[in-house]
Every structure is written in C-alpha cells, then in structure tokens.
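Descriptive structure summary
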Amino acid sequence: MSTYRDFALPRALGTRAAATPGGSARATVLRTVSARERRSHLTAPRVPTVGIDIGGTKVMAGVVDADGRILEQIKTETPDKSKSAKVVEDTITELVLDLSDRHDVHAVGIGAAGWVDADRSRVLFAPHLAWRNEPLRDSLQARLAVPVMVDNDANTAAWAEWRFGAGRGEDHLVMITLGTGIGGAILEDGQVKRGKYGVAGEFGHMQVVPGGHRCPCGNRGCWEQYSSGNALVREARELAAADSPVAYNIIERVKGSVPDITGPLITELAREGDAMCIELFQDIGQWLGVGIANLAAALDPSCFVIGGGVSAADDLLIGPAREAFRRNLTGRGYRPEARIAKAQLGPEAGMVGAADLARLVARRFRRANRRRLERYEKYERYAQAIRSGGVTGRSPRPPQEP
C-alpha cells in the first residue's frame, strides 16, 4: 500500500513528526482546511484519492482521479445497524486497503448518510448505523495512515455535480436527493454551506402539511412524506392493499404480494404507460415542485439539481415538479426562475464528491510532510558532516515541529 506513511520521518529521529499516524501534527494540518473550496480545488494535487459512500444498505468505494473519473469501484453490504461502530469502520478499512493494493492512494473522503459536525470529524447521528457522536475521521486516520475527510453524503454529491455534472458553471446551487427520504445540500460561490453546526440541508424535514403523515423523525407532515421513494411506495401499496381497480396491473405483477411493490417496479410500470403509476409520479412531482418553490423563496439559487434513486424516473417526476414550481414560486412572472436539472453522475455522485473533497486535504498534508522531509534531510546533512569531521563541538539537533 503506497500511502503518506512512506514520507513520514523515521522513528529513530525521536520527533513528534514520526509519531503514530493520525497524531497531533496530522490533526493540526487537517483542522486548517480552508472554507475557500472554490479556489482550492483548482490547485489541489492531481493525485488519485478514494471516495466512500455509506448508505443504509451498501458501502461503495472507488478510486477517483482529478477529473472525476472512477478508476476502480467496489461495493459491499452495509453491516447491520445493530452492530458496533467498529464493524462499519472495519468494512471501510478493508475496502480502502483492497483498493490500495492496486492504486497509489493519497487521501480518503467519506460521504456518510447522517449528520456530520462542522469540523467534518464526527458523525453526530446516522439513522441507519450505530453512529452517535462517532469520531470517525480520527479513528480511520489512525488505521489508514492517510488523511481522511468526512462529510454528509448529500454535500459530497452536490460537490460532485458542481465540479463534474449538472451544476457546472453555477454559482448558487441547491442539490435535492430523493431516495428513501429527502436530503439536500447548498453551494454558494463554490463553497458547501454546512451551517453553524454542520447539519444544514436537511430539507426533507421541512413541514409542508401540518398534522400530516407521521415521519420517522417524530414530526408530522414532513416534505419527505410526500415526495420521496417512501411516499411513492406507500401510496402504491395502500391502493393495492385496498384492492383498488386502478391497482390491478401492479397487483398482477407482484402476484398479490403487496410487500413486493418497490420503487423500481413502479418506475418500470410508469414507463410502460400504467395510469396509476404515472399518476403517483405526478403526485410526488407536484409536492417536489412545492418544496422547491419554498427553497427558492428562502435561498434564491440559480439551479436546483435533483438526484437520488427516485430521480431515475426522469420527466415522469421532473416534468410535474417544474410545473408545480412555476405555479407556486413567490413573485412568479416578475423574477428569474431557477433551472431544475436532473443529476448527471447517478448513484456514484456521493463517492466521486467525497474523493474530490479529500483531494483538498491531501494537498495540505503533502505540504506538511514536504516540510518535515526537508527538515529531516537538513538534519541528515548536518549529522553526516559531524561524522566526517566537518563540524565539531556540537551535537546535531533533531528537527522541530512548526
């Protein structure tokens, strides 16, 4: 495995720079990551990095180059949420080490489905995993001996779409990810807006129907209860369970087993022209447009990028969303309308974005290691001069930490 440990000073020097990977020096370097990401990515080292996307059902890992191309990708199932946090960390470590056998890995970026603190070091809460205030960054750095960056998976997906996908050239972008629920992210002037505590962009829990459907978050009427994969499947199953005449086609497809109705099946039938499935997409598309109009009133972006698994329905979903957006936009007819675009990078967006954000951390770590290496070489030259008799009366001093 070729990592930054190859550049570390030998332990024989007895300096803190040669301490266990993930020590105080490295942590100091990582805390200096600037928020000026727009300019930073232009000068980041063009080295391969690993991106990790952790969801409720799978962990996806890939080596990504500086142009956003995936050089290799591997997947595995997410360990059951009842298991300890260490089990998930073991899975991540195994994937990174596997990829490192074939690639020169310089940093690791992780997009986690959960709340990540403003320092991008701890996962405060992950609904599908046993992470509660988990110091994920430091734990993995100590095991992998390369710099690690942790962020929310919607933030990493939005970054990827801004850098390489549907959001290229946009100065104010909002990403909405439609999956089991609704996630989101905000980019302004090339910076991910994470909020004071790191948990900005949880659009799915805006209340749109007071007293509406109960949400797993504990509230009622959340946006994701009306425009998400869960909402789509729930409505279809309710019609099938009621033996509605409009649901006969889908009931026949699943041979009467209502639990077998899934989002991909509804999408497939809608594309085949099934009237009920098309209507369901129109319903959640309209709710999507209402929520986008609310976000436009609050944030006024130039572009909304719609990603996540449900977005695979294309215009079955996005067409009704655009219509509802125009009908509900505050000041409609007297203001510019934001563009609504489907994400281009598909399910790999979070992985690609995590790898690209990690590249910014790699640059700063490379600089720190270069300075340590220069001090070590200077020390070696001085020690050699003493051994050869060129310097007398003094002992060589080991290089000091900045």
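As annotated in an unreviewed UniProt entry, the chain carries the name Glucokinase and is attributed to Streptomyces gobitricini. Heading Sequence similarities (unreviewed entry) of the UniProt record for the chain holds this comment: "Belongs to the ROK (NagC/XylR) family."

In contact at an axis separation of 10 Å, helix α6 (residues 229-241) and helix α9 (residues 275-299) are set at 140 degrees when each is read in the N-to-C sense. Relative to α9, α6 is oriented oblique. Of the two elements, α6 crosses α9, and the hand of that crossing is right-handed. Side by side, α6 and α9 meet where Ala 231, Leu 232, Glu 235, Ala 236 and Leu 239 of the first sit next to Met 276, Leu 280, Phe 281 and Ile 284 of the second. A class-by-class count of the residues in the contact of α6 with α9 yields 8 nonpolar, no polar and 1 charged.

Here we come to the pattern of salt bridges. Overall, the coordinates contain 19 salt bridges when judged by the stated rule. For Asp 90, the salt bridge identified is with Arg 143, shortest N-O distance 2.7 Å. Of this pair, Asp 90 sits in helix α3 (residues 85-100) while Arg 143 sits in helix α4 (residues 136-144), and the two are 53 residues apart along the sequence. Its relative accessible area of 22% is what places Asp 90 among the partly exposed residues. For the salt bridge of Arg 253 with Glu 272, the shortest nitrogen-to-oxygen distance reads 3.1 Å. Here Arg 253 is found in helix α7 (residues 248-253), whereas its partner Glu 272 is found in the loop between α8 (263-271) and α9, with 19 residues between them in sequence. Classification of Arg 253 as partly exposed rests on a relative accessible area of 35%. The network of salt bridges with common partners includes Asp 65, Asp 67 and Arg 69.

Structurally, Ser 227 can be placed in the loop between β11 (191-192) and α6. For Ser 227, the side chain forms a polar contact with the main-chain nitrogen of Leu 288, separated by 3.5 Å. Setting aside chain neighbours within four positions, we find Ser 227 in contact with Leu 178, Ile 182, Ile 284, Trp 287 and Leu 288.

Strand order across the open sheet formed by 3 strands is β5-β6-β7, with antiparallel pairing between neighbours. The open sheet terminates on both sides in strands that have one partner only, identified here as β5 (115-116) and β7 (132-134). Of the strand pairs in this sheet, β5 and strand β6 (residues 123-125) are connected by 2 bridges, and their pairing is antiparallel. Counterpart to Val 116 in the pairing with β6 is Val 123.

Direction vectors running N to C along α8 and α9 enclose 110 degrees, while the axes themselves pass 7 Å from each other. Compared by their axis directions, α8 and α9 come out roughly perpendicular. Here α8 and α9 pass one another in a crossing that is left-handed. On α9, the residues touching Ile 266, Thr 267, Leu 269 and Ala 270 of α8 are Cys 277, Ile 278 and Phe 281. The residue inventory of the contact of α8 with α9, partitioned by class, reads 6 nonpolar, 1 polar and no charged.

The next thing to look at is the environment of Thr 57. Take Thr 57: it is sitting in the loop between β1 (49-54) and β2 (58-64). Assessed through its relative accessible area of 64%, Thr 57 is described here as exposed. Taking C-alpha positions, Thr 57 is 5.1 Å from Thr 78, a pair spaced 21 residues apart along the chain.

This next bit is on the packing of aromatic side chains. One pass over the full model with this rule turns up 4 aromatic pairs. Ring geometry for Trp 115 against Phe 125: centres 6.2 Å apart, planes inclined by 65 degrees, an arrangement best described as edge-to-face. A residue pair is termed long-range when its members are at least 10 positions apart, and Trp 115 in strand β5 and Phe 125 in strand β6 qualify at 10 residues. Given a relative accessible area of 38%, Trp 115 falls into the partly exposed group.

The rules behind each value
- Residues numbered from 1 in each chain as written.
- Predicted model: local features only at pLDDT ≥ 70, side-chain atom pairs only at ≥ 80, totals over all residues.
- Heavy atoms only, no water.
- UniProt positions renumbered as here; feature names shortened; annotations may be inferred.
- Axes fitted to C-alpha atoms, helices over the stretch in contact; angles between N-to-C directions.
- Helix = DSSP H or I, 4+ residues; strand = E, 2+ residues; numbered from the N terminus.
- Parallel < 35°, antiparallel > 145°, perpendicular 65-115°, else oblique.
- Left-handed = near helix turned anticlockwise from the far one by under 90°.
- Contact = heavy atoms within 4.5 Å.
- Nonpolar A, V, L, I, M, F, W, Y, C, P; charged D, E, K, R; others polar.
- Salt bridge = Lys/Arg side-chain N within 4 Å of Asp/Glu carboxyl O.
- Buried < 20%, exposed > 50% of the residue type's maximum accessible area, 1.4 Å probe, protein only.
- Polar contact = N/O pair within 3.5 Å; in protein donor to acceptor, adjacent residues only side chain to side chain.
- Pairing = 2+ DSSP bridges.
- Phe/Tyr/Trp six-rings, centres within 6.5 Å; stacked < 30°, edge-to-face > 60°.

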